[in-house]
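Listed below, chain by chain, are the residues.
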Amino acid sequence: MPAVTVENPLTLPRVVAPADASARPVLGVTTAPSGFEGEGFPVRRAFAGIHYRHLDPFIMMDQMGEVEYAPGEPKGTPWHPHRGFETVTYIIDGIFDHQDSHGGGGTITNGDTQWMTAGSGLLHIEAPPESLVLSGGLFHGIQLWVNLPAKDKMMAPRYQDIRGGQVQLLTTPDGGALLRVIAGELDGHQGPGVTHTPITLVHATVAPGAEVTLPWREDFNGLAYLLAGRGSVGTERRPIHLGQTAVFGAGSSITVRADERQDAHTPDLEVVLLGGQPIREPMAHYGPFVMNSKEELQQAFEDFQKGRLGTVPAVHGMTEKGPQGA
């Protein structure tokens, strides 16, 4: 970890918070429970226990892995429906195949992101390719769900394929951090991902002992999730470690610091920084559907049961059980 990097961060544009920026306080730190998704791949539920008012427009985020699979072990998800939101799948290590009932999909690997706007609805599958199932190997990534405002919930589905080489790379004044802007804007630097609700999504690698203070839009919320390592958040230096999420309060800058000493297998602190403009609409969420009312949820289930979200295609080497031969 990670897949997209540079030998010398000091060759990159540098980001610094203005001197008069107000530091966001840390409202709380939560620990993600572990579980299994789909056909049994391990996840950490990053936002479990956090009130939605601190998450809006984000709904949930899973850290997938980090896991070293033996041959025959890699797993994915079966075919399943979505409606009313966007899924953002960022692969740090490993390979994932995506396919949907509208003919969309593709393969993402090592720093790639696939952004799927489910909109009015589709059927979807995510699975490791047959070659990875046979060989085994490292798998690690995140999947983030981003809500859609009511006016966009029934829009036509679409994809954005973001390759690792398209990500905006930045650093801090001392070169102590590598910042990968996947979506949104950071200090005037734009990432490739575009969503209907303004957000910023950054994967930062922070060297031991380094501190990152970034400008952060005051109309955005602020979240930090640790993928690996140990450190602290906020100017008050509240401790945080792998599998924990920090919720920031109001202000115009956020601070993350890496401890001087890290684990041997995770030499740096790896953190996902998230912010978004709250939608502030009623949300009704159940399973794979995110709507604005209970009635809309019931309609989504009815449409799924009656086949209105599409049918499972038998193309791209996929079957209803995932990759052929799985």
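Residues numbered from 1 in each chain as written. Predicted model: local features only at pLDDT ≥ 70, side-chain atom pairs only at ≥ 80, totals over all residues. Heavy atoms only, no water.

Caption draft 1: A look at the overall build of the chain. Check the secondary structure of the chain and you find 3 helices and 28 strands. Computed over C-alpha atoms, the radius of gyration of the chain comes to 19 Å, within 12% of the 20 Å expected from 2.2 N^0.38 for 326 residues, which places it in the range of a compact globule. Expressed as a percentage of the 326 residues in the chain, the buried residues total 56%. Considering only contacts within the chain whose residues lie at least 6 apart along the sequence, 74% involve residues at least 24 apart. Carbon and sulfur atoms provide 52% of the accessible area of the chain, an area that totals close to 13,300 Å². Of the charged side chains in the chain, 23 are positive and 36 negative; the average position of the first set lies 5 Å away from that of the second. (Helix = DSSP H or I, 4+ residues; strand = E, 2+ residues; numbered from the N terminus. Rg over C-alpha atoms; globule rule 2.2 N^0.38 Å. Buried < 20%, exposed > 50% of the residue type's maximum accessible area, 1.4 Å probe, protein only. Contact = heavy atoms within 4.5 Å. Areas by Shrake-Rupley, 256 points an atom, 1.4 Å probe, with all protein chains shown as cover. Lys, Arg positive; Asp, Glu negative; His and termini not counted. Charge placed at Lys NZ, Arg CZ, Asp CG, Glu CD.)

Caption draft 2: Broad picture of the sheet that holds strand 23 (residues 253–258). Here we have 4 strands laid out as an open sheet, ordered 18-23-20-21, and antiparallel in their pairing. Since the sheet does not close on itself, it has two edges, and those belong to strand 18 (211–215) and strand 21 (238–241), each with one partner. Taken over all neighbouring pairs, the strand axes of this sheet differ in orientation by 25° on average, direction set aside. The pairing of strand 20 (residues 230–233) with strand 21 spans 4 bridges and is antiparallel. Looking across to strand 21, one finds that Gly-231 is bridged to Ile-240. (Pairing = 2+ DSSP bridges. Axes fitted to C-alpha atoms, helices over the stretch in contact; angles between N-to-C directions.)

Caption draft 3: Focus on helix 3 (residues 294–305). The first and last C-alpha atoms of helix 3 sit 17 Å apart over 12 residues, in line with the 16 Å expected at 1.5 Å per residue. Leu-297, Ala-300 and Asp-303 are the residues of helix 3 that are buried. Seen end-on, helix 3 carries its buried residues on one side only, within an arc spanning 125°. Away from its buried face, by an angle of more than 90 degrees, helix 3 presents the exposed residues Lys-294, Glu-295 and Gln-305. (Expected span 1.5 Å × (residues − 1). Arc of directions from axis to C-beta.)

Caption draft 4: Structural view of the confidence of the model for the chain. With 94% of its residues at a pLDDT of 70 or more, the chain has an overall mean of 91. Scored below 50 in pLDDT, residues 315–326 makes 22 contacts in the model with residues more than four places away or belonging to other chains. (pLDDT = per-residue confidence, 0-100.)

Caption draft 5: Structural context of the pairing of strand 7 (residues 95–100). Counting buried positions over the 6 residues of strand 7 gives 5, a clear majority of the element. The pairing of strand 7 with strand 8 (residues 105–109) spans 5 bridges and is classified as antiparallel. By the bridge assignment, Phe-96 is partnered in strand 8 with Ile-108. In textbook terms, the turn of a hairpin is the stretch between consecutive antiparallel strands, and for strand 7 and strand 8 this stretch comprises 4 residues, one of which, Gly-103, has a positive phi near 95°. One ladder, built from 4 bridges, connects strand 7 with strand 10 (residues 122–127); its direction is antiparallel. By the bridge assignment for strand 10, His-98 is matched with Glu-126.

Caption draft 6: Geometry of the sheet that holds strand 6 (residues 85–93). Strand order in the open sheet formed by 7 strands is 2-3-4-11-6-9-12, and the pairing between neighbours is antiparallel. Strand pairing shows two members of the sheet lacking a second neighbour, strand 2 (34–37) and strand 12 (158–162), which therefore form its edges. The sheet shows a mean angle of 25° between the axes of neighbouring strands, taken without regard to direction. Bridge analysis of strand 9 (residues 113–117) against strand 12 gives 5 bridges, and the strand direction is antiparallel. Residue pairing for strand 12: Gln-114 is matched across the bridge by Asp-161.

Caption draft 7: Region of the structure containing the packing of aromatic side chains. Applying the stated criterion across every chain yields a total of 4 aromatic pairs. A ring pair is formed by Phe-96 and Phe-139, whose centres lie 4.9 Å apart and whose planes are at 45°; its orientation type is tilted. Placement of the pair is Phe-96 in strand 7 and Phe-139 in strand 11 (residues 137–147), with a sequence separation of 43 residues. Across this residue pair, the class does not change: Phe-96 and Phe-139 are buried. (Phe/Tyr/Trp six-rings, centres within 6.5 Å; stacked < 30°, edge-to-face > 60°.)

Caption draft 8: Quick peek at the pattern of salt bridges. Applying the stated rule across the entire model yields 12 salt bridges. Linking Arg-237 and Glu-211 is a salt bridge whose minimum nitrogen-to-oxygen distance equals 3.5 Å. On the criterion of sequence distance, the pair formed by Arg-237 in the loop between strand 20 and strand 21 and Glu-211 in strand 18 is long-range, its members being 26 residues apart. One salt bridge connects Arg-308 with Glu-302, and the closest N-O pair in it is separated by 3.7 Å. (Salt bridge = Lys/Arg side-chain N within 4 Å of Asp/Glu carboxyl O.)

Caption draft 9: View of the nonpolar core. Grouped together as the largest cluster of nonpolar side chains are 30 residues, with contacts concentrated most on Phe-47, Phe-58, Met-61, Leu-144 and Leu-274. Listing elements by their share of this core, those giving two or more residues are strand 4 (58–69), strand 6, strand 11, strand 14 (177–183), strand 17 (199–206), strand 19 (222–228) and strand 24 (269–276). The residues contacting Phe-47, other than those within four sequence positions of it, are Leu-55, Phe-58, Ile-59, Met-60, Met-61, Leu-144, Leu-223, Thr-245 and Leu-274. Formed by 28 residues, the second largest nonpolar core is a distinct cluster that contains Val-15, Val-26, Ile-240 and Ala-246. (Core = buried A, V, L, I, M, F, W, Y, C linked by side-chain atoms within 4.5 Å.)

Caption draft 10: Broad picture of the environment of Asp-20. Checked against the element boundaries, Asp-20 lands in the segment before strand 1 (26–31). Along the sequence, Asp-20 and Ser-253 sit 233 residues apart, while their C-alpha atoms lie 9.7 Å from each other.

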